[in-house]
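Tertiary structure, described
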Amino acid sequence: MRHGKKVNHLGRKTAHRKSMLANMACSLIEHKRINTTVAKAKALKQFVEPMITKSKEDTTHNRRIVMARLRQKEAVAELFRDVAAKVADRPGGYTRIIKLGNRLGDNADMAMIELVDYNEIYNADKAKKKTTRRSRRGGSKPAVAPVVEAKATNEEEE
């Protein structure tokens, strides 16, 4: 039975694992997305999401807690300044893991982990979905002619 064995050790000693996760978290905060193995991405998600939650409330106590785990002053400053402002209204789920396939050298499962609010491709889709659909019964039909004219002007320009 594996009671109380929640932590993935990633084949490393405790100090090495904590340093590696701190460095990966700093890279994620700096670059907003990084490529790594699936196991490390899942471990990093558990490591970094509580710190992003702490950064939403900018107190000296929270800064000291995050600084003790990240150990890089610039990363902590960017986390509390830029990232916290972007994720202020999100109730958790700050990172996304996208599987990329297998690595060529050793066939390891690779993944990209990214901060959700910094991906413009997915967020642009969400903004369009916020509009509500209306029933066309009883209303006027939409005008199709301007769309046709716009296509005709594009052909003339070419």
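Rules of the game
Residues numbered from 1 in each chain as written. Predicted model: local features only at pLDDT ≥ 70, side-chain atom pairs only at ≥ 80, totals over all residues. Heavy atoms only, no water. Helix = DSSP H or I, 4+ residues; strand = E, 2+ residues; numbered from the N terminus. Buried < 20%, exposed > 50% of the residue type's maximum accessible area, 1.4 Å probe, protein only. Contact = heavy atoms within 4.5 Å. Polar contact = N/O pair within 3.5 Å; in protein donor to acceptor, adjacent residues only side chain to side chain. Core = buried A, V, L, I, M, F, W, Y, C linked by side-chain atoms within 4.5 Å.

A separate point is the overall build of the chain. When its secondary structure is counted, the chain shows six helices and three strands. Going from the N terminus to the C terminus, the chain shows its helices and strands as α-β-α-α-α-β-β-α-α. Sorting the 158 residues of the chain into buried and exposed places 30% on the buried side.

Time to look at the environment of R71. The topology assignment puts R71 in the loop between α3 (60-70) and α4 (73-86). Distance from R71 to A22, taken between C-alpha atoms, is 7.2 Å for residues 49 residues apart in sequence. Aside from chain neighbours lying at most four places away, what touches R71 is K18, S19 and V66. Within the local environment of R71, its side chain forms a polar contact with the side chain of S19, the two groups lying 3.3 Å apart.

One recurring pattern in soluble globular proteins: nonpolar side chains tend to sit buried together. The biggest cluster of nonpolar side chains holds 31 residues, and the ones touching the most others in it are L44, F47, I52 and L70. Listing elements by their share of this core, those giving two or more residues are α1 (14-31), α2 (38-55), α3, α4 and β3 (109-115). In this structure L70 touches A22, A25, C26, I29, F47, M51, A75, V76 and L79, once residues within four positions along its chain are discounted.

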